[in-house]
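Survey of secondary and tertiary structure
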Amino acid sequence: MSEHPAALVAHGGNLHEAAERYGIAWDAWIDLSTGINPHGYPVPPVPPTAWRRLPDDGDGFAACAARYYGAPDAHHVLPVAGSQAAIRALPALLPLARVAIAPLTYGEYAPAFARAGHENVPLDVVHDTLPDSVTHVVIVNPNNPTTTHLTAARLLHWHTQLASRGGTLVIDEAFADAFGHEQSETLAHATNRDGLVVLRSPGKFFGLAGVRCGFALGAPALLAALRAHLGAWTVSGPARHAVTHAFEDSAWQNAMRVWLAAESARLVALLRAHGFAPHATPLFAWITDSRAAALQDALARRAVWTRRFDAPASLRFGLPASEDEWQRFEGALEQAVRAIG
């Protein structure tokens, strides 16, 4: 990977930067630059004790997550301060080796492994057999931003190959919740196997990115090392309150998956109507187009912020938050496409 280990990784959600660059007030924008559900979970009021007391590992939070994700049990689940904390810490806990990462995926993995001294190489997802020279593999499933979705069977096959080498398969399932467990190809249930780590986040589907909560699922020995590395009280009391309620509200989850499927279909239809060929998950759509930079700029001048990638030239679109935003986005997209020719 060509990215320097110390480089600052670009992310969506940088709306203040867009507002300053284009001279448009922050609250005038439609922010489509992330894949976060704009219809987030309605968190009930936080009890005063959640603010006053230190987070307590005996509160059943890990067990609640294990039930929701389908992990073997609470001993295979470690709550962390957003999956980002685990992404930063895990490489230092794995034997130094060659790690395969997709050229276009979530941008924090390659620099994290490089900082820890690993050698990064591009991952080729076309072939079932991994090169003998690769010891660790990182997969975002479904991938962000390309939406590529690998089957559980293929991932377990890769895990078998890597485990025989003393390696590790790291699977980031940040966007899996929107599909439901029966469709997501999740490997949460298999995290009793050595050399398999699954990272989950309630930030995307539940729209709770601000609580900074995530989960590492894996063998207890590795999770113990990760816990020692990260230290105590990684997830706050209010965050535990919010996520517990979200995980236990299956009625909201089921209704939201239906809603997001409809919203995603609407986004795909809109992009196709303007000549694009989108790839989509329930939370975002991705298009490749040589005019991506010009299209992002044209949309930004109309107060619509998107996430751009350079290799290949492409844009990712999240979901508008309301019917008013949908109407504004549709109008802005029509004008922007016309402007770039």
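Anything mentioned here points back to the structure above.
A brief look at the structure comes next. Computed from a prediction, not measured in an experiment: that's the story for all the values here.

**Concerning unusual backbone geometry**
In this structure, Pro142 follows Asn141 across a cis peptide bond, with omega equal to 0 degrees. You can see Pro142 is positioned in the loop between strand 5 (136-140) and helix 6 (152-163). At the junction of Ala311 and Pro312, the peptide bond is cis and its omega measures out at 0 degrees in the coordinates. In this structure, Pro312 sits in the loop between strand 12 (307-310) and strand 13 (313-317). Its identity as a non-glycine residue notwithstanding, Thr147 has a phi of 75 degrees, on the positive side. Of note, Thr147 is situated in the loop between strand 5 and helix 6. Notably, Trp233 is not glycine yet its phi reads approximately 60 degrees, a positive angle. Along the chain, the position of Trp233 falls in the loop between helix 7 (220-230) and helix 8 (237-248).

**Details of the packing of aromatic side chains**
In total, this model carries 18 aromatic pairs according to the counting rule given. Joined through ring pairs, the aromatic side chains of Tyr41, Phe61, Tyr68, Tyr69, Phe205, Phe206, Phe215, Phe247 and Trp252 make up one cluster. The ring of Phe175 carries the charged tip of Lys204 above its face, separated from the ring centre by 5.4 Å. Arg316 extends its terminal NZ or CZ atom over the ring of Phe284, reaching a point 5.9 Å from the ring centre.

**Some thoughts on the side chain of Glu325**
With respect to the element layout, Glu325 can be found in helix 11 (residues 323-340). No salt bridge is formed by the buried Glu325. Its closest oppositely charged neighbour is Arg328, at 5.2 Å. Dropping the residues within four chain positions of it, Glu325 is found in contact with Ile30 and Pro320.

Thresholds, definitions, all that
- Residues numbered from 1 in each chain as written.
- Predicted model: local features only at pLDDT ≥ 70, side-chain atom pairs only at ≥ 80, totals over all residues.
- Heavy atoms only, no water.
- Helix = DSSP H or I, 4+ residues; strand = E, 2+ residues; numbered from the N terminus.
- Phe/Tyr/Trp six-rings, centres within 6.5 Å; stacked < 30°, edge-to-face > 60°.
- Lys NZ or Arg CZ within 6 Å of the ring centre and 35° of its normal.
- Buried < 20%, exposed > 50% of the residue type's maximum accessible area, 1.4 Å probe, protein only.
- Lys, Arg positive; Asp, Glu negative; His and termini not counted.
- Salt bridge = Lys/Arg side-chain N within 4 Å of Asp/Glu carboxyl O.
- Contact = heavy atoms within 4.5 Å.

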